[in-house]
Amino acid sequence: VIDKIEGALQSLGGRLEDVVRTRIYIRNIDDWDPVSRVHGRRFGAIQPANTLVRADLVGADYLVEMEAEALVGDAG
């Protein structure tokens, strides 16, 4: 999921370091630890605001869904 987010950011001229907020939705609350560890490996130095929620996802096969907000480009 994070690789897809990174690719989308790159297509807009951004980088993962531009992410300021993430929201993670997981189907099974028991998955919070491995999901949080991966998030920490990729975003640990960036430290965006983050929310993790247990939720019923749209597809039966989906285990994790993630949203990311980033500030890309000239902010001034």
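Below is a summary of the structure that appears in this document. Predicted model, so just to flag it, every value in this text is computed and none were measured. (Residues numbered from 1 in each chain as written. Predicted model: local features only at pLDDT ≥ 70, side-chain atom pairs only at ≥ 80, totals over all residues. Heavy atoms only, no water.)

**Quick look at the environment of Val 72**
This is how it is decided: In DSSP terms, a helix is any run of H or I states spanning at least four residues, a strand is any run of E spanning at least two, and both are numbered starting from the N terminus. Pairs of residues are marked as contacts when any of their non-hydrogen atoms sit within 4.5 Å.
Tracing the chain through its elements places Val 72 in the segment after strand 3 (64-70). Separated by 63 residues in the primary sequence, Val 72 and Leu 9 place their C-alpha atoms 8.0 Å from one another. Filtering out sequence-adjacent residues up to four positions away, Val 72 remains in contact with Leu 9, Leu 12, Gly 13, Gly 14 and Asp 18.

**Structural notes on the pattern of salt bridges**
Just so we agree on the cut-off: In the sections that follow, a salt bridge refers to a side-chain nitrogen of Lys or Arg positioned within 4 Å of a carboxyl oxygen of Asp or Glu.
For the structure shown, the criterion picks out seven salt bridges. One salt bridge in this structure joins Glu 6 and Arg 42, with 2.8 Å as the shortest N-O distance. Within this pair, whereas Glu 6 is found in helix 1 (residues 2-11), its partner Arg 42 is found in helix 2 (residues 32-43), the two being separated by 36 residues in sequence. Within this structure, Asp 3, Glu 6 and Arg 42 form a network of salt bridges that share partners.

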